[in-house]
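Breakdown of the fold
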Amino acid sequence: MRLEGKVAIITGAAGGMGKAAALLFAAEGAKVAVVDLREETAQRTVDEIVAAGGEAIAIGADVSNADDVARIADRTKDELGLPTVLYNNAGVDLENKFPMLKVTEDVFDKVIAVNLKGPWLLMKAVAPLMSEAGGGSIINTGSIGALRSASTAVYCASKGGLLAMSRVAATELGQYGIRVNGLNPGATMTPMAYQQAEELRSRGVELPPESESSKQFSVLGRFGQPEDIAHMALFLASDESSYITGADFNVDGGMNIMTAVATHD
Ligand SMILES: NC(=O)c1ccc[n+]([C@@H]2O[C@H](COP(=O)([O-])OP(=O)(O)OC[C@H]3O[C@@H](n4cnc5c(N)ncnc54)[C@H](O)[C@@H]3O)[C@@H](O)[C@H]2O)c1
């Protein structure tokens, strides 16, 4: 098994990409701390892992809150062992397809707090434990929006900031055997994507059927699935990527090489 002996913290693992990664990591032998704001739903991810013969715990926590993050680190260490994988996957896109000039200050603060401050708090709390374990792998979720104008302004800024922070973190943490990499999903079919489509429809925006709209986002003519992203996370978490750090990887069906992608109305 590719993650035998590893202890992984995955944030935002009640649904979407985080849940797909939690199931895959556990199937590959990792013990998994399933972290999410939605504790009951996180527990359902844990129940699925346990039913399949794996080991996991659910931790209800807000990644943008320092006390919650300290609790994530403590509970993981006490109940599963020293963490060797941290997958910062939790993220929000609250400005929800509004142009920059219409975004409120509250939304700006919230998006930056969850998408940028959260991963920083987690790296700060977890890296010393990884160092104690002899090293580890940190995966930070960016976005194709971090690389080009492919989503909304504050969201893209939060993800671009996280990729920049990941490179510095890789430089500083390499001496402890800790690798840090970014993972940039393209347009992926998760609850986040469905919610955004729903909100656009409720505002009267006409969206083409999925088979048509997917062509705007991928040269492969389909949207990504959570499992597409989870497989790259698995590679980055495993020792197969032991010489890779300070890099970021697009899992986007070619979205980043397209000449034009949809942004917002
Ligand atoms: N879906 C896409 O097309 C897409 C594209 C590029 C990047 N991303 C990024 O990928 C990651 C996963 O996205 P997804 O599409 O699976 O989203 P999702 O909304 O389906 O899942 C995100 C999970 O994070 C949890 N969460 C939100 N705020 C939290 C907080 N403060 N503390 C703890 N948990 C919190 C939510 O409860 C949810 O379970 C996010 O960082 C997102 O920004 C998504």
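Structure shown above.
It should be emphasised that the depicted structure is a prediction, and the values quoted were computed from it without experimental measurement.

Check the secondary structure of the chain and you find eight helices and seven strands. On C-alpha atoms alone, the chain measures out to a radius of gyration of 18 Å, which is about the 18 Å that the 2.2 N^0.38 rule sets for 265 residues. Overall, the chain is about 50 × 40 × 35 Å in size when its C-alpha atoms are taken along their principal axes. Residue burial in the chain is summarised as follows: out of 265 residues, 45% are buried. Pairs at least 24 residues apart make up 75% of the contacts formed inside the chain by residues separated by at least 6 positions.

Moving on to the site of the ligand. In the vicinity of the ligand, 28 residues are found, and the nearest of them are G12, G16, G91, T190 and M192. Of all the secondary-structure elements, those providing two or more residues to the shell around the ligand are α1 (16–27) and α6 (191–202). Among the residues forming the shell around the ligand, the class breakdown is twelve nonpolar, twelve polar and four charged.

Okay, the environment of I57 next. Along the polypeptide, I57 turns up in strand β3 (residues 55–60). A tally of 19 C-beta atoms within 10 Å means that I57 is categorised as partly exposed. Once the C-alpha coordinates of I57 and L37 are considered, the two residues, 20 residues apart in sequence, prove to be 14 Å apart. Every residue in contact with I57, bar those within four places of it in the chain, is listed here: A33, V34, V46, R75, E79 and L80.

How each quantity is defined
- Residues numbered from 1 in each chain as written.
- Predicted model: local features only at pLDDT ≥ 70, side-chain atom pairs only at ≥ 80, totals over all residues.
- Helix = DSSP H or I, 4+ residues; strand = E, 2+ residues; numbered from the N terminus.
- Rg over C-alpha atoms; globule rule 2.2 N^0.38 Å.
- Buried ≥ 20, exposed ≤ 12 C-beta atoms within 10 Å, placed from the backbone.
- Contact = placed C-beta atoms within 7 Å.
- Near = placed C-beta within 6 Å.
- Nonpolar A, V, L, I, M, F, W, Y, C, P; charged D, E, K, R; others polar.

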